[in-house]
Amino acid sequence: MPDDSDELLVRTTDLSKRYGGAAAVDRLDLTVRRGEIFGFLGPNGAGKTTTLRMLLGLIRPSSGTARVLGRPPGHPAALRAIGALIEGPAFYPYLSGRDNLRLVARYAGIRAGRTDAALETVGLAGRGGDAFATYSLGMKQRLGVAAALLKDPELVILDEPTNGLDPGGMRDMRGLIRDLADWGHTVLLSSHLMAEVEQLCDRVAVISGGRLVAEGDVTELRGESVLRVRADPLDRARELLERLVGPDRVALDGGGLRLRTDPAGAGPLNKELVGAGITVTELCREKRTLEDAFFEVTGTGGGNR
Ligand SMILES: Nc1ncnc2c1ncn2[C@@H]1O[C@H](COP(=O)(O)OP(=O)(O)OP(=O)(O)O)[C@@H](O)[C@H]1O
């Protein structure tokens, strides 16, 4: 029987998948709530796809449990209410987008009438008659989302849907994901792009090396804030601030300093600097981005924006 599927569409407990001796997913506890866009964020190889495949019942967990829409993964009643796009869509190149969708619909026992609505939803109504092979990568991805939407699913699972897209394609896909949420779908979105998740998602889980390293509201994950300081002479300001807040919390940034510290400390720090004969030309609070939190918890470098 369904359990708490009313509000929690996904709930995993200690979910693990091992290949040989290595844990691809390691005791993962996740919850996805109805109506939200949930971001599943992690660098390449973190275990995102493996987790999503377990949620769909495509692979079996080594241990732990998952409930999806109140059912075990792969249960027909759950699968009927899930639309998924994982690891790129597979379509026939010489068939039109519309005919590809009709085939998917027939295979899934869905009435063909939904194909035009799905094409409309993803912005492909005008190109539905063209061969799939003539589509741009962004259009191919959007056709994949259209296929996922044929069932009018409660839960839409999208694995790195903007991967490989150019900025315009990414923007279109982000707009589409927002639309899905506005129309009442719950979206589980995996991504290695912090900025994307920050723009789109209500809540986020950060995964690294198969383990959950942070989960919360996007605003919560931003956590502590950063103070930006410009002062003259800068090297003396840096020395003093490193003494006051700790050397690992002070970093050179352009012509100034970035301090990871409680913003309430701004006043006292200013007083110390001025008292030491240092001229403070700027002292302001900077919003800490989810990206900062992501780098901190995963210990990875940047370059993926
Ligand atoms: N079938 C498999 N056999 C052996 N190892 C696997 C298998 N599938 C995944 N792995 C390993 O599990 C780990 C997690 O892979 P996974 O594809 O889930 O990561 P990911 O977060 O989706 O990364 P990416 O964004 O690169 O797809 C990786 O180290 C990967 O090599």
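The model shown is predicted, which means the values in this text are computed figures rather than measured ones.

Q: Which residues make up the site of the ligand, and what values do they have?
A: The immediate surroundings of the ligand are formed by Tyr-19, Ala-24, Pro-43, Asn-44, Gly-45, Ala-46, Gly-47, Lys-48, Thr-49, Thr-50 and Glu-160. Take Gly-45: an N or O atom from its main chain is 2.6 Å from an oxygen atom of the ligand. One of the side-chain nitrogen or oxygen atoms of Glu-160 is found 3.3 Å away from an oxygen atom of the ligand. Protein chains bury 54% of the 630 Å² of accessible surface belonging to the ligand in isolation. Residue contributions to the shell around the ligand peak at 3 residues, all from helix α1 (residues 48-55). Considered class by class, the residues forming the shell around the ligand number 4 nonpolar, 5 polar and 2 charged.

Q: Outline the sheet that holds strand β11 (residues 250-253), supporting the account with residue identities and numerical values.
A: Taken in spatial order, the 4 strands line up as β11-β12-β10-β13 in an open sheet, and their pairing is antiparallel. At either end of the open sheet lies a strand with only one pairing partner, and these are β11 and β13 (279-286). In this sheet, neighbouring strand axes are inclined to one another by 25° on average, regardless of whether the strands run parallel or antiparallel. In this structure, strand β10 (residues 226-232) lies alongside β13, joined through 7 bridges in antiparallel fashion. Residue Val-229 lies in a different strand from β13, and its bridge partner there is Leu-283. Strands β10, β11 and β12 (256-260) of the sheet are contacted by helix α9 (residues 234-245), whose axis makes an angle of about 5° with β12. The strands that helix α10 (residues 266-275) touches are β10, β12 and β13; relative to β13, the one it contacts most, it runs at about 165°.

Q: Could you give an account of the pattern of salt bridges, naming the residues involved and the relevant values?
A: Counted by the stated rule, this structure contains 14 salt bridges. Asp-26 is the salt-bridge partner of Arg-27, the closest N and O atoms lying 3.3 Å from each other. The salt bridge involving Arg-203 is made with Glu-215; its shortest N-O contact spans 3.5 Å. Here the residue Arg-203 occupies a position in strand β8 (residues 203-208), and Glu-215 occupies one in strand β9 (residues 211-217), the gap between them amounting to 12 residues. The partly exposed category is assigned to Glu-215, whose relative accessible area is 31%. Residues joined in a network through salt bridges with shared partners are Asp-26, Arg-27 and Arg-211.

Q: Explain the sheet that holds strand β6 (residues 155-159) residue by residue, including any values.
A: In any sheet, the strands associate via hydrogen bonds between backbone groups, in a parallel or an antiparallel arrangement. Here 6 strands make up an open sheet; going across it, the order is β5-β6-β7-β3-β8-β9 and the pairing mixed. The open sheet has two edge strands with one neighbour each: β5 (82-85) and β9. Ignoring which end each strand starts from, the neighbouring axes of this sheet average 15° apart. In this sheet, strand β7 (residues 186-191) lies alongside strand β3 (residues 37-41) in parallel orientation, the contact comprising 5 bridges. Of the residues in β7, the one forming a bridge with Ile-37 is Val-187. Each of β3, β6, β7 and β8 touches α1; the most contacted strand, β7, lies at about 150° to it.

Cut-offs used in this document
- Residues numbered from 1 in each chain as written.
- Predicted model: local features only at pLDDT ≥ 70, side-chain atom pairs only at ≥ 80, totals over all residues.
- Heavy atoms only, no water.
- Near = heavy atom within 4 Å.
- Polar contact = N/O pair within 3.5 Å; in protein donor to acceptor, adjacent residues only side chain to side chain.
- Areas by Shrake-Rupley, 256 points an atom, 1.4 Å probe, with all protein chains shown as cover.
- Helix = DSSP H or I, 4+ residues; strand = E, 2+ residues; numbered from the N terminus.
- Nonpolar A, V, L, I, M, F, W, Y, C, P; charged D, E, K, R; others polar.
- Pairing = 2+ DSSP bridges.
- Axes fitted to C-alpha atoms, helices over the stretch in contact; angles between N-to-C directions.
- Contact = heavy atoms within 4.5 Å.
- Salt bridge = Lys/Arg side-chain N within 4 Å of Asp/Glu carboxyl O.
- Buried < 20%, exposed > 50% of the residue type's maximum accessible area, 1.4 Å probe, protein only.

Fair warning: the whole summary comes from geometry, so function is off the table for now.
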